[in-house]
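What follows is the residue order along each chain.
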Amino acid sequence: MAGQRKTRAAERALLGHNSAGRAIDTAAAEELRAAFDRIQAIDAEMRGLHDKKGDVYGELRSKGYDLKTFRVVLSRAQQDRGAVLERDSMVDVYEAAIFGTTGDGGGDE
């Protein structure tokens, strides 16, 4: 029942105020088509950018770089520096507790 009310409300919003049938107001139809076209264009741009990004990763891979490490560095660069440093500190604490390390990479020597 609630779904039907939402559908009817949406139809009324699209119908012209003098409209007797289910035809969409010409201005509303044009707005919908314009929005549809804009979204499609943006999606096409995003696919193109995604392909370019894949090309860059492919270049790195072909040169022997570790992509997992590169993605971690990229992700960290996009985060707040203070939050990254705090998380690193917490990782050191957890590793020391779990593995008995000092956080300097030296281990139990």
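Here the residue index of a chain counts from 1 through its sequence in written order. Given that this is a predicted model, residues contribute local features only at a pLDDT of at least 70 and side-chain atom pairs are listed and counted only at 80 or more, while totals for whole chains, interfaces and linings are drawn from all residues. Derived side-chain values reflect all non-hydrogen atoms in the structure, with water molecules and hydrogen atoms excluded from consideration.

Caption draft 1: Here's a closer look at the packing of aromatic side chains. Put simply, two rings from Phe, Tyr or Trp (the six-membered ring, in Trp's case) pair if the centres are within 6.5 Å, and we call them stacked under 30 degrees between planes, edge-to-face over 60, tilted for the rest. Overall, the coordinates contain one aromatic pair when judged by the stated rule. Seen from their ring centres, Tyr57 and Phe70 are 6.1 Å apart, and the 85 degrees between their planes marks the pair as edge-to-face. Taken together, the residues span a long stretch of sequence, with Tyr57 in helix H2 (residues 26-62) and Phe70 in helix H3 (residues 67-77) at a distance of 13 residues. Burial status follows relative accessibility: with a 1.4 Å probe on protein chains alone, a residue under 20% of its type maximum counts as buried, one over 50% as exposed, and anything between as partly exposed. Look at Phe70 and you get partly exposed, because its relative accessible area is 34%. A ring is considered to have a charge above it if a Lys NZ or an Arg CZ atom is located within 6 Å of its centre and within 35 degrees of its normal. A cation sits over an aromatic face here: Arg71 above Tyr57, 4.2 Å from the ring centre. We count a stretch as a helix when DSSP gives it H or I for four or more residues in a row; a strand needs E for two or more, and each element gets its number in order from the N terminus.

Caption draft 2: Layout of the pattern of salt bridges. Here a salt bridge means any side-chain nitrogen of Lys or Arg lying within 4 Å of a carboxyl oxygen belonging to Asp or Glu. Tallying each qualifying case throughout the model produces one salt bridge. With a closest N to O distance of 2.7 Å, Arg76 and Asp88 form a salt bridge. With Arg76 in helix H3 and Asp88 in helix H4 (residues 81-99), this pair connects stretches of sequence that are twelve residues apart. Taking the relative accessible area as the measure of exposure, Arg76 reaches 28% and is therefore partly exposed.

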